[in-house]
Protein chains: 2
Amino acid sequence: MGQAKPTPDAKPAIDVFQAIADPSRRKLLEMLGDEEMPVTTISSHFSMSRTAVSKHLRILTDAGLLTERKVGRETRYRLEPAPLQELKRWLAYYDRFWDNKMLALQRYVESSDDHEE
Amino acid sequence: MGQAKPTPDAKPAIDVFQAIADPSRRKLLEMLGDEEMPVTTISSHFSMSRTAVSKHLRILTDAGLLTERKVGRETRYRLEPAPLQELKRWLAYYDRFWDNKMLALQRYVESSDDHEE
DNA sequence: CCGATGTGAAACCTTAAGGTTTCATAATTT
DNA sequence: AAATTATGAAACCTTAAGGTTTCACATCGG
């Protein structure tokens, strides 16, 4: 299971792919894009406990996807989109496969020396 | 934990976000982009057991990210990029946050009526 | 027909992920 | 100062995720 690689003293930081895997966390990102919000307000939009939401917020923050800001007794969270760039780069690699024409040609070329056995 | 929504008789299919969350699976997708490969060949690139790789292949297939094709006694897998479009669409929503100028303006507007408490 | 190959299914194990409840602490109000 | 509000930390529970090993089967090569 855990693929967390402690790496002696480096960032045990959470992987972006892992962070966005959970639907609740995706919802959080969506909610916090337009405006900063304190935990209680945020959790009022979920059916799970405030504490659970708080944990998700921590995970997202550790992944660099949210920023925390203390204002009085409350902690406000807001979207920090930067880490999503990594996802975008990862996806970009697959762009070439989306062009069906190129894909068809590619398969044709491959099949020329190895047709079907 | 399980966020699987059975939905009476629809696709219990695996969520793409979940499917790509595991690094081994991302490696599999990368390997199977250019050419179709049978399980044994694929698993030779991993340190885990062939059976474990086989399970990852199933998960990716269920997520629609791989296609299976039986050829004799072997099963060959190949990348099926289509489902990645969903990810791309999801990411596209966040594009507006990447333009720092717009972000700065947006924050300025917001702060006009609620400055800092 | 027989032994070697290629795979998937089952049963099981360990651990982390997602939740909950309870408790402690700090800032706000009255 | 006392009561209230906002949160995070701890301790715990349940279950699914990622692995392993063992077993059954189908296909291939002789």
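Residues numbered from 1 in each chain as written. Chains lettered and ligands numbered in written order. Predicted model: local features only at pLDDT ≥ 70, side-chain atom pairs only at ≥ 80, totals over all residues. Heavy atoms only, no water.

The name given to chain A in an unreviewed UniProt entry is Winged helix-turn-helix transcriptional regulator, and the organism recorded there is Paenibacillus terricola.

Scanning chain A from terminus to terminus reveals seven helices and three strands. Residues counted as buried form 40% of the 117 residues belonging to chain A. Partitioning the intrachain contacts of chain A with sequence separation of at least 6 by distance along the chain shows that 49% fall at a separation of at least 24. If you sum the accessible surface of chain A, you get close to 7,300 Å²; carbon and sulfur atoms cover 54% of it. (Helix = DSSP H or I, 4+ residues; strand = E, 2+ residues; numbered from the N terminus. Buried < 20%, exposed > 50% of the residue type's maximum accessible area, 1.4 Å probe, protein only. Contact = heavy atoms within 4.5 Å. Areas by Shrake-Rupley, 256 points an atom, 1.4 Å probe, with all protein chains shown as cover.)

The interface is formed by 36 residues belonging to chain B together with 37 residues belonging to chain A. Between chain B and chain A, roughly 3,400 Å² of surface is buried when both sides are summed, and carbon and sulfur atoms account for 55% of that area. Counting across the chain B and chain A interface gives six salt bridges. One salt bridge connects Arg96(B) with Asp34(A), and the closest N-O pair in it is separated by 2.7 Å. Counting every contact that joins chain B to chain A gives six residue pairs in polar contact (both at pLDDT 80 or more). Sorting the residues of the side of chain B that touches chain A by element identifies helix H1 (16-19), helix H2 (23-31), strand E2 (66-71), strand E3 (74-79), helix H5 (84-93), helix H6 (95-98) and helix H7 (100-111) of chain B as the ones contributing at least two each. For the side of chain B that touches chain A, the element with the highest residue contribution is H5(B), accounting for seven residues. Taken together, the residues of the side of chain B that touches chain A sort by class into 17 nonpolar, five polar and 14 charged. (Buried area = accessible area lost by both parts, 1.4 Å probe. Salt bridge = Lys/Arg side-chain N within 4 Å of Asp/Glu carboxyl O. Polar contact = N/O pair within 3.5 Å; in protein donor to acceptor, adjacent residues only side chain to side chain. Nonpolar A, V, L, I, M, F, W, Y, C, P; charged D, E, K, R; others polar.)

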